[in-house]
Amino acid sequence: DIYAELDEAVHDFLNVTRYGLISEDKLRRVRSDVERRLKLKFEEIISEYESQASTRSTLLEQYQKLRNVFTITEEMNQLGSGIRAYGFSVAFFTIMLAVIFAIWTYKNRTSTVVKVSQPFFLILICLGVLVLTSSIFPMATDDGFASQEACDRACMAVPWLITMGWSI
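The structure reproduced in this document is the subject of the present report.

Quick notes on the rules
Positions within a chain are numbered from 1, following the residues in the order the chain's sequence is written. The model is predicted, so local features are restricted to residues of pLDDT at least 70 and side-chain atom pairs to those at 80 or more, both for listing and for counting; the totals for chains, interfaces and linings are taken over all residues. To obtain the side-chain values, all non-hydrogen atoms of the structure were used and water was disregarded. Helix numbers and strand numbers start at the N terminus; a helix is a DSSP run of H or I with at least 4 residues, a strand a run of E with at least 2. For the radius of gyration, the atoms used are the C-alpha atoms, and the globule rule reads 2.2 Å times the number of residues raised to 0.38. Burial classification: accessible surface area is computed with a 1.4 Å probe over protein chains only, and a residue below 20% of its type maximum counts as buried, one above 50% as exposed, and the rest as partly exposed. For a helix, the expected span equals 1.5 Å multiplied by the residue count minus one. We define the bend at any residue as the angle between the axes fitted to the seven residues before and including it, ending there, and the seven starting there. What makes two residues a contact is simply this: any of their non-hydrogen atoms within 4.5 Å. As used here, the term nonpolar core means buried Ala, Val, Leu, Ile, Met, Phe, Trp, Tyr and Cys residues forming a set that is joined through side-chain atoms within 4.5 Å. The salt bridge criterion pairs a side-chain nitrogen of Lys or Arg with a carboxyl oxygen of Asp or Glu, the two atoms within 4 Å.

Looking now at the overall build of the chain. Each helix and strand counted, the chain has eight helices and zero strands in total. When the elements of the chain are put in sequence order from the N terminus, they spell out α-α-α-α-α-α-α-α. Relative to its length of 168 residues, the chain is extended, with a C-alpha radius of gyration of 35 Å against a globular reference of 15 Å. Seen along its three principal axes, the alpha-carbon backbone of the chain occupies a region of about 115 × 30 × 25 Å. Put simply, the chain has 168 residues, and 18% of those count as buried.

What follows is the structure in structure tokens.
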């Protein structure tokens, strides 16, 4: 599309100026008119191209890639240190409560209320909560602070911890 417009404009300009029958002043006006028309058409073609939803990069990015000056800015979607600290603190708190409740259940296992509630199953629930909550730690692992091997292992551990914690 750009080549067709350029070809047509240059052809028309050369036909007008071929035999030198127009004055130098008029030649400048014709040249600036062709330049203005081409510039407007190029801007229209470029804006139409950039407005298409199927393009993944702008014309500027493609030009920078051709000139080897393009730098990729990639968003890794890693967890920030604040959200990671919040998740760890909630996990530690939940694990601490599960351990405290398991100890309380063991100490009060002879009590009537705990005996009726079956202390073995209460401790199993605390163990399940502990295993399920421990899945937060590998979920918070990303390559922002861990190696690729550690991320792979953490990724494999998450479904196991969640499934085992829920099953217990």
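With 20 residues, helix 8 (residues 148–167) extends 29 Å between its outermost C-alpha atoms, agreeing within 8% with the 28 Å of an ideal straight helix rising 1.5 Å per residue. The largest bend in helix 8 amounts to roughly 25° and is located at A157, with the proline P159 lying one to four residues further along. Within helix 8, burial applies to C151, A154, V158 and G165. Looking at the packing, one finds that the buried side of helix 8 touches helix 6 (119–133) and helix 7 (136–139).

Membership of the largest hydrophobic core is limited to six residues, which are A9, F13, L27, V30, V34 and L38. Residue assignment for this core shows that the elements contributing at least two residues are helix 1 (2–17) and helix 2 (24–51). Of the residues forming this core, the biggest block, four residues, is contributed by helix 2.

Another point: unusual backbone geometry. Positive phi values are uncommon outside glycine, yet N68 reaches one of about 60°. On the accessibility criterion, N68 (70% relative accessible area) is exposed. Phi is positive for Q118, which is not a glycine, with a value near 60°. Within the element layout of this structure, Q118 appears in the loop between helix 5 (112–116) and helix 6.

This next bit is on the pattern of salt bridges. Under the criterion given, the structure shown has five salt bridges. A salt bridge links R36 to D33; the shortest N-O distance between them is 2.5 Å. Residue R36 and its partner D33 are both found in helix 2; the two are separated by three residues, about one turn of the helix. Judged by relative accessible area, R36 falls into the partly exposed class, the value being 45%. Between R37 and D33 there is a salt bridge, and its shortest N-O distance comes to 4.0 Å. You can see R37 and its partner D33 sitting in helix 2, four residues apart, about one turn around the helix. The structure contains a network of salt bridges with shared partners spanning D33, R36 and R37.

Read these as layout, nothing more, since geometry by itself doesn't imply function.
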